[in-house]
Amino acid sequence: MKVALVTGGSRGIGAAAAVELARLGYAVAVNYKSNSEAAESVCNEIRSLGGVAEAFQADISDSRALDRMFSEIHSGLGEISVLVNNAGVAYIGLLQDMSDNEIKSLSDVNLMGAMLVTRRAVPDMLRRHDGVIINIASMWGEVGASCEVVYSACKAGIIGFTKAFSKELGPSGIRVNCVSPGVIDTDMNSELTDETISELCEETPLLRIGTPSDVGKTIAFLASDEASFITGQVISVNGGII
Ligand code: NAP
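Owing to the predicted nature of the structure, the values given are computational and were not obtained by experimental measurement.

Reading the values: the criteria
- Residues numbered from 1 in each chain as written.
- Predicted model: local features only at pLDDT ≥ 70, side-chain atom pairs only at ≥ 80, totals over all residues.
- Heavy atoms only, no water.
- 1 Å grid on protein atoms, 1.4 Å probe; cavity = no way out; pocket = protein on both sides within 12 Å on 5 of 7 lines; lining within 4 Å.
- Points joined across faces, edges and corners; volume = space filled by probe spheres on them.
- Helix = DSSP H or I, 4+ residues; strand = E, 2+ residues; numbered from the N terminus.
- Near = heavy atom within 4 Å.
- Polar contact = N/O pair within 3.5 Å; in protein donor to acceptor, adjacent residues only side chain to side chain.
- Areas by Shrake-Rupley, 256 points an atom, 1.4 Å probe, with all protein chains shown as cover.
- Sits in = over half its atoms within 2 Å of the grid points.
- Nonpolar A, V, L, I, M, F, W, Y, C, P; charged D, E, K, R; others polar.

**Overview of the layout of surface pockets**
Right, on to step 1. Approximately 1,300 Å³ is the volume attributed to the largest pocket.
Right, on to step 2. Listing elements by their share of the lining of the largest pocket, those giving two or more residues are α1 (12-23), β2 (27-32), α4 (100-128), α5 (139-143), α6 (149-169) and α7 (194-203).
Right, on to step 3. In this structure, the second largest pocket occupies an estimated 220 Å³ of space.
Right, on to step 4. Elements represented by at least two residues in the lining of the second largest pocket include exactly β4 (80-85) and β5 (131-136).

And the structure:
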């Protein structure tokens, strides 16, 4: 059974991606940072569908934790064929009010973390001449958001990382793409008021915000052989808002 690793697979978009990849027949490594209960519940949902899943704890910005997690995944499930770099954190505020540490830790998770995880997944893919990497960006990485400057810069970095890495890995049979969500109904947006949500719906040509499943299904498509000639692309899943 081929293995897919979803970082931040315990909630929101990552959880939906984990379920969709399990439906495609992948054994899923569900990574999480601290919410083991949520990660176990995603694994149980996958098992109830007849699939295979295991939860693996690691902070993706911590190299030592990643080394441990990769060896646990290798012995628990096997080599990774599909990597979904999804784990991320939001921060709303003015750049001048952020401390050096806040800027660094946001970048360490949202940009550097994806590279640290990818660096560990790629050697097996290169040896097999087969693999798929899907990075989760954001519409703010495409157009920029006021009060989310560091987050936007990280997501723009994820887009650049995707484009460059697809060129580096294409000749080795590995595809690298990016999914760029708009506003999606997850815990990340739990601070938004009902009024803000309805304004966002009105601004969106499809008149709604997205669901985790909207994004999870796109991730599964990119992982599948149906997408075998797609690499280096940014696929926006945003209801047309930008
Ligand atoms: P979410 O509901 O807040 O879930 C975040 C997930 O990331 C959780 O599984 C969390 O694990 C994990 N995580 C956070 N920091 C981590 C770390 N340092 N190491 C490992 N795992 C970590 O987020 P979401 O809305 O699904 O967002 C998923 C991705 O989509 C993010 O990259 C986000 O930037 C992007 N995105 C979201 C939206 C949106 O509107 N929601 C829009 C555009 C892009 P625990 O459960 O253990 O905390």
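**What about the site of the ligand?**
Right, on to step 1. In the vicinity of the ligand lie 31 residues, with Ser10, Ser34, Asn86, Tyr151 and Thr186 positioned nearest.
Right, on to step 2. Between the ligand and the protein, one listed contact pairs an oxygen atom with a side-chain N or O atom of Arg11 at 2.8 Å.
Right, on to step 3. One of the side-chain nitrogen or oxygen atoms of Tyr151 is found 2.5 Å away from an oxygen atom of the ligand.
Right, on to step 4. In isolation the ligand has 900 Å² of accessible area, and contact with the protein removes 95% of it.
Right, on to step 5. One can see that the ligand is located within the largest pocket.
Right, on to step 6. When residues of the shell around the ligand are traced back to their parent elements, those giving at least two are α1, β2 and α6.
Right, on to step 7. Tallied by class, the residues present in the shell around the ligand amount to 14 nonpolar, 12 polar and 5 charged.

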